[in-house]
There are 2 protein chains.
Amino acid sequence: MDKMKNIIQAVKGTREFYPEQMFARNFIYGKVRAASEMFGYQEWDGPFIEPLELYAAKSGEELVKKQSFTFEDRGGEQVALRPELTPSLARMIAAKQGELNFPVRWWSFGPFWRYESPQRGRSREFFQWNIDMLGADSPEADAELIAVGATFLRSVGLSPSLTQIYVNNRRLMDSQFDALDIPTDKRVDVSNLVDRRAKMESAKWEAYALEIGLNQNQLDGLKSLLGNFDLWKQSEELTRTFTALEALGVKDYVKFDPNIMRGLLYYTGTVFEAFDTSGSVKRAIFGGGRYDNLLADVGGQPLSGVGFAMGDVVAGIILQEAGLIPEFQPSPAQVLVTVFDTTLLPQSFALAAELRAAGLNVMVYPEPTKLQKQFKFADKMKMKVAVTVGPDEAANGQAAVKSLRTGEQVVVTRAAAAEKIREWLK
Amino acid sequence: MDKMKNIIQAVKGTREFYPEQMFARNFIYGKVRAASEMFGYQEWDGPFIEPLELYAAKSGEELVKKQSFTFEDRGGEQVALRPELTPSLARMIAAKQGELNFPVRWWSFGPFWRYESPQRGRSREFFQWNIDMLGADSPEADAELIAVGATFLRSVGLSPSLTQIYVNNRRLMDSQFDALDIPTDKRVDVSNLVDRRAKMESAKWEAYALEIGLNQNQLDGLKSLLGNFDLWKQSEELTRTFTALEALGVKDYVKFDPNIMRGLLYYTGTVFEAFDTSGSVKRAIFGGGRYDNLLADVGGQPLSGVGFAMGDVVAGIILQEAGLIPEFQPSPAQVLVTVFDTTLLPQSFALAAELRAAGLNVMVYPEPTKLQKQFKFADKMKMKVAVTVGPDEAANGQAAVKSLRTGEQVVVTRAAAAEKIREWLK
């Protein structure tokens, strides 16, 4: 026990991916890839370290000043471990704006860092799926991105009864705020107010509304607004988006909800967030929307975009709880070639090489030891077939092939071993 | 032009992966996965941020103190962006030493950081393949790792005439250093001396040898030793390793070379490095060896391991120069559904959804615009088929399917469109 105490621990909020956790991460990555590519999106990636100033413009003060891992590198430059991908996207698009074929459809899956308190659904180092379309500003483009998200949910087995995507529109809300005479310089505060509504008791929330300077009329108007689930009918944009969502066959995943605001400053049009309907995890599975000004902000020509991001932590918990992560298969090789003794070891290695050349993934026991121990290892690794070359088999150019599921064993020529194994792997 | 100047640049030594570069990175990752899994290795990953002290023990002073990105996080902890993976591996194995099934075979592919001068074959942010076997200390286990490396080289089309893996053994060299009466406390200096031989003029190298305290006899002995390519025959270990490499069918990729030492302190037995034989890139493609003490050093029970690491930068350059990166296919969807006009847009979206449900990756143009422009876009994205729903097709439940390779076009029922497209994608 004393020995164990000396093991240097991982940094708080980071994760260690043992093969079983890696399998789950890859399951999500694979489904993310499939959903993205089904709609024709190209995979890309940005740097993981970025200049701090890249985030200064639009990421929001809290994200940059309080939640980013930032430091001065050995050359004296202020850098950040990327807390989000959209600013890198804007920079890279802006740099090749004259060469790219628009509309650009890009997706990415990689690591991000935020210095937040680790808790359920939140870690300091996490993976995030980002997917964006730039250079088309139609309401139907918005619908496509929402449909990609719905397609992912469906592909992992999360039905519309388990998950819903809530949609709103910033321009629609702004027109409503105009009607309530809420001044422009209060809009950020009001957005935050709306964002907090689900997390606060209603009396406290109302007190907070008055505190940020709304009058009672405005508060009443806001409450009625946030309860009006037919409001989208006043928006030409949202009407077209919902029509396109119906055409795309994902309408059952989507609901209009005036309470969805999205904290980030850069959204300008339609916004959306997906949630687990059980409320088991309060944080969004994914969220995104349309941004009109990001490219101009990093020095490019104005170009509208729409996209969303999904972290792997919340999605992972929901999939785990719903029993939707497939069973872990410990070894990518389902065949073990055992080693009879030191003399015959090269025979086993040669047979393993022959089986690999025949297209099989094959593990060979890497040292001579009791066969019983080797078979026990094969069991623990859930392998399906074991192959042994003992003295008799070696003398006759043969191999003993055993099904670890049925216990059946046959001795075949080495040339016939691959075929027999394939039969038993089925 | 003024506008462009304002674009915030990426941090020096980081890389931006536009879809074409991402395609090349994924090509390498895919081949790495195939070679690893062919031998039954499980994918895993460690955290990207680690406590600085994890590297203090064995990574070598230069790597930690001069070449790592290190900083104090907001909680006051000294952390490093991982410069290598082996210490994380040792920690994670040590933490579950009682539960894991040994021998453990693990591989990983992910980002690493080193604050070095960016130059050909070197960037500050790079990807690295790591692969290790722990819990077996046979010379045949060493051979397996070398064979995994050779299998990767073969799988990407790098023949033995283009690339070679040079093998040596630390214990063998130590016995030779013993015979030359080189004292133990000079061994690190002598290892560095050997490592530098290829990079220095011979007169300067000899002067350097005397400078670090070798006498003329020892220098002569060392020179004769480094020219003795039959030395391996004196090593029972290497003899068995080479026999196993022959059995594994990769002997043509492997040569004994007494000049291979490997800078890192933790190697204790066989070591190896792969190089481009043309000498176009002087840095190793991959390198590794056996380490006996790493687990005990991080607080675990003693356990021997063998493994290697391959960065993606050198490998990428060599593959590029040899013309071995496959042609970039811009879009994962080879089918474009065009949009005739705003009214018919939902029809195009619905058809795209039907084709996706039939298993095709399909891009739909996201807004109404001139058909000519949409077809031009399809050409630039190298798409193979375009599908249009105009007013006639819409009225009759049909779609116009056009092969962009031959120019041929047919009008089919929507239900028959997927089959026609599949035929033209072949």
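So, how was this worked out
Starting from 1, residues in each chain are numbered consecutively following that chain's sequence as written. Chain letters start at A and ligand numbers start at 1, both assigned in the order the entries are written. Totals for whole chains, interfaces and linings use all residues, but because this is a predicted model, local features are given only for residues with pLDDT of at least 70 and pairs of side-chain atoms are given and counted only at 80 or more. Processing note: side-chain calculations cover all non-hydrogen atoms of the structure and skip hydrogens and water entirely. Between two residues, a contact is recorded if the distance between any of their heavy atoms is within 4.5 Å. Buried area is a sum: the accessible area each of two parts loses on coming together, probed at 1.4 Å, counted once for each and added. A carboxyl oxygen of Asp or Glu within 4 Å of a side-chain nitrogen of Lys or Arg is what we treat as a salt bridge. Under this definition, polar contacts are N or O atom pairs within 3.5 Å; protein pairs additionally need one hydrogen-donor-capable and one acceptor-capable atom, and for neighbouring residues in sequence, both atoms have to be side-chain atoms. Secondary structure elements are defined from DSSP: runs of H or I of at least 4 residues count as helices, runs of E of at least 2 residues count as strands, and each element is numbered from the N terminus. Each domain's extent was defined by an automatic or database domain assignment. Strand pairing is defined by DSSP finding a minimum of two bridges between the two strands. Angles shown run from 0 to 180 degrees and are taken between the N-to-C directions of axes, each axis being a line fitted to C-alpha atoms and, for helices, limited to the stretch in contact. When an angle is under 35 degrees it counts as roughly parallel; over 145 it counts as roughly antiparallel; between 65 and 115 it counts as roughly perpendicular; any other value is oblique. Should the near helix be turned anticlockwise from the far one by less than a right angle, the crossing is left-handed, and should it be turned clockwise, the crossing is right-handed. Whether two aromatic rings pair depends on their centres lying within 6.5 Å, for rings of Phe, Tyr and Trp, where Trp uses its six-membered ring; planes under 30 degrees apart make the pair stacked, over 60 edge-to-face, and the rest tilted. Burial status follows relative accessibility: with a 1.4 Å probe on protein chains alone, a residue under 20% of its type maximum counts as buried, one over 50% as exposed, and anything between as partly exposed. Charge over a ring is defined by NZ of Lys or CZ of Arg lying within 6 Å of the ring centre and within 35 degrees of the ring normal.

Our focus in this paragraph is the interface of chain A and chain B. Reports often express the size of an interface as the amount of accessible area lost when the parts come together. Contacts between chain A and chain B engage 106 residues on the former and 106 residues on the latter. Taken together, the two surfaces of chain A and chain B that pack against each other cover about 8,700 Å², and 62% of this comes from carbon and sulfur. Where chain A meets chain B, there are four salt bridges. As a salt-bridge pair, Arg91 of chain B and Glu16 of chain A come within 2.7 Å of each other at their nearest N and O atoms. Viewed at the interface, chain B and chain A are joined by 32 residue pairs in polar contact (both at pLDDT 80 or more). If one sorts the elements of the side of chain A that touches chain B by residue count, helix α2 (residues 19–38) of chain A sits on top with eight residues.

In this section: the domain arrangement of chain A. Partitioning chain A into domains gives domain 1 (11–321) and domain 2 (335–425). Put simply, the middle of domain 1 of chain A and the middle of domain 2 of chain A, counted by C-alpha atoms, are 51 Å apart.

What follows deals with the sheet that holds strand β15 (residues 398–403) of chain B. All names here are of chain B. Read from one edge of the open sheet, five strands run β13-β12-β14-β15-β16, paired in mixed fashion. Looking at the sheet topology across the chains shown, the edges are occupied by β13 (362–364) and β16 (409–413). Averaged over neighbouring strand pairs, the angle between their axes works out to 25 degrees when direction is ignored. Relative to β13, strand β12 (residues 335–337) runs parallel, the two being bridged by three bridges. By the bridge assignment, Val337 is partnered in β13 with Val364. Helix α14 (residues 345–357) contacts β12, β13, β14 (385–388) and β15 of the sheet and is inclined by roughly 170 degrees relative to β13.

Position of Thr268 of chain B among the secondary structure elements: in the loop between β8 (254–256) and β9 (270–276). Apart from residues no more than four positions distant in its own chain, Thr268 of chain B is found in contact with Arg170, Arg171, Arg290, Tyr291, Asp292 and Asn293 of chain B.

If you want to describe how two helices pack, look at the angle between their axes and the distance between the axes. Residues and elements named next belong to chain B. Orientation of helix α7 (residues 170–179) relative to helix α10 (residues 216–226), taken along the N-to-C sense of each, is 150 degrees, at an axis distance of 10 Å. As summarised for this structure, α7 and α10 are arranged roughly antiparallel, according to the angle between their axes. For the element pair α7 and α10, the recorded crossing hand is right-handed. Counted together, Met173, Gln176 and Phe177 of α7 and Leu222, Leu225 and Leu226 of α10 form the full contact between these two elements.

A full pass over the atoms with the stated rule returns 46 aromatic pairs over all chains. Arranged with centres 6.2 Å apart and planes meeting at 65 degrees, the rings of Tyr29 of chain A and Trp107 of chain A form a pair that is edge-to-face. On the criterion of sequence distance, the pair formed by Tyr29 of chain A in helix α2 and Trp107 of chain A in strand β5 (residues 104–113) is long-range, its members being 78 residues apart. Note on accessibility: Tyr29 of chain A and Trp107 of chain A belong to one class, buried. Judged by centre distance (5.5 Å) and plane angle (65 degrees), the rings of Phe23 of chain B and Phe328 of chain B are edge-to-face. Taken together, the positions of Phe23 of chain B in helix α2 (residues 19–38) and Phe328 of chain B in the loop between α13 (312–321) and β12 put the pair 305 residues apart, joining distant regions of the chain. Of the residues examined, Phe23 of chain B reaches a relative accessible area of 25% and is grouped as partly exposed. Here the guanidinium or amino end of Arg82 of chain A rests over the ring plane of Phe112 of chain A, the centre of that ring lying 4.1 Å away.

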